[in-house]
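Letter by letter, the chains look like this.
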Amino acid sequence: MKEHLDMSDLTASLPAAAAALSAEDRAGLVNALKDKLQNLAGQHSDVLENLSPAVRKRVDVLRDIQSEHDELEAKFFEERAALERKYQKLYAPLYAKRFDIVNGVVEVDGLKDEAATDNAEDKGVPDFWLTAMKTNEILAEEISERDEDALKYLKDIKWCRIDDPKGFKLEFFFDTNPYFKNSVLTKTYHMIDEDDPILEKALGTDIEWLPGKCLTQKILKKKPKKGSKNAKPITKTEKCESFFNFFSPPQVPDDEDDIDEEEAEELQNQMEQDYDIGSTIRDKIIPHAVSWFTGEAAQEDEFDGIEEDDDEDDDDEDDDDDEIDDDDEDEDDEDDEEESKCKRKTKKGSVPNAGVTGEQAERPPECKQQ
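Residues numbered from 1 in each chain as written. Predicted model: local features only at pLDDT ≥ 70, side-chain atom pairs only at ≥ 80, totals over all residues. Heavy atoms only, no water.

Asker: Which parts of the structure should I look at to understand the sheet that holds strand β1 (residues 154–163)?
Answerer: Hydrogen bonds between backbone groups are what pair the strands of a sheet, and the pairing can be parallel or antiparallel. Pairing is antiparallel across the open sheet formed by four strands, whose spatial order is β1-β2-β3-β4. Sheet topology places β1 and β4 (198–204) at the edges, where each strand pairs with a single neighbour. Neighbour-to-neighbour, the strand axes of the sheet open up by a mean angle of 15°, direction not taken into account. Pairing of β1 with strand β2 (residues 166–174) involves nine bridges; the strand directions are antiparallel. Bridge pairing in β2 places Trp-159 opposite Leu-170. Docked against the sheet, helix α7 (residues 261–285) engages β1, β2, β3 (184–193) and β4, running at close to 65° with respect to β2. (Pairing = 2+ DSSP bridges. Helix = DSSP H or I, 4+ residues; strand = E, 2+ residues; numbered from the N terminus. Axes fitted to C-alpha atoms, helices over the stretch in contact; angles between N-to-C directions. Contact = heavy atoms within 4.5 Å.)

Asker: Explain a negative patch on the surface to me, please; I cannot follow it from the model alone.
Answerer: Taken together, the side chains of Asp-260, Glu-261, Glu-262, Glu-263, Glu-265 and Glu-266 make up a negatively charged region of the molecular surface. Inspection of the secondary structure puts Asp-260 in the loop between β6 (234–239) and α7. A relative accessible area of 43% places Asp-260 in the partly exposed class. (Patch = residues over 30% accessible without salt bridge, like charges linked within 9 Å, V, L, I, M, F, W, Y side chains within 5 Å. Areas by Shrake-Rupley, 256 points an atom, 1.4 Å probe, with all protein chains shown as cover. Salt bridge = Lys/Arg side-chain N within 4 Å of Asp/Glu carboxyl O. Lys, Arg positive; Asp, Glu negative; His and termini not counted. Charge placed at Lys NZ, Arg CZ, Asp CG, Glu CD. Buried < 20%, exposed > 50% of the residue type's maximum accessible area, 1.4 Å probe, protein only.)

Asker: I'm lost on the nonpolar core in this one. Help?
Answerer: Across soluble globular proteins, nonpolar side chains show a tendency to be buried alongside one another. With 38 residues, the main nonpolar core has Met-133, Leu-170, Phe-172, Phe-243, Phe-244, Phe-246 and Ile-281 as its most contacted residues. The residues touching Ile-281, leaving out its near neighbours within four places in the chain, are Leu-139, Ile-157, Leu-170, Phe-172, Phe-243, Phe-246, Ile-286 and Pro-287. (Core = buried A, V, L, I, M, F, W, Y, C linked by side-chain atoms within 4.5 Å.)

Asker: For this particular structure, what's the right way to read a nonpolar patch on the surface?
Answerer: A contiguous nonpolar surface patch, about 490 Å² in accessible area, is contributed by Leu-83, Tyr-87, Leu-90, Tyr-91 and Leu-94. Assignment of secondary structure puts Tyr-87 in helix α2 (residues 53–102). With relative accessibility at 37%, the residue Tyr-87 sits in the partly exposed group.

Structure (structure tokens):
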């Protein structure tokens, strides 16, 4: 067994996704990993040195078993990625059918004859993606009333994996609309590690807003003070809440010294929230859009949340029961002490008062949430 870790090939063993980092950042990552591994190695050597020879031998065999497990796990990740790519191809024609029906490209069986006489505005499923996203609790918080009309022009949302660097890309396809020129808005997530996952950065499309139609900013007009030489109102542009801020994600500064600890924590929270929105669209909205449109998926989410709450409540009740039992034991101990004192004080033939107190006898039954 090696007593010292060989750090010479650490750079070569970094994940492929780390290639997306700059040379300086990559060097920093290597040094950080070296320090961490050396610290861990020191801790592990201390543990092993304190073991008896027999136990240490058994631990060595367990480590060999762990190595075999890690090799299998690596193959699992490879096969999972391949399986995911396979099923993405199988999903594609289903998504294409959904697109055609939602956008009125084709009519479903049983309505083809009626559709010929219907109003053109009644084709497809109006506000399909807007309704689906608003039904999701996370996305609903991001969509303002001003966004809704623009999102009615959303025709489809797709996602795909990217390999260089590792990550995934979301694509939002829009019909011609009075808000911006882009027909497709994209959001790309670059990952250092997809299995954890560790986000390196996110990139979004620059939206080409039409004059006076920008939804991410609002123009404030202020009247000039009386007697001012400039009679024109003062205009000020201010950033406002909008779903379309999603395409302008928070950016990590090139130099970490440019931000203090508080700003760094705020930036991390923003990046986590941004990733949460993107992964919700990828994992929930795109594959189950019609269930979100009808509200069925939201009900399932609520039911899952209730089950989790029940589990937490049960744990709390168990803790409360333990506390009550502890209190009872304490009271019993006190009673035993009092009883022994009484026995010492009472004369022969007298019977001391024994048994539970009124409060103990009337302890309320457990109340479990249904």
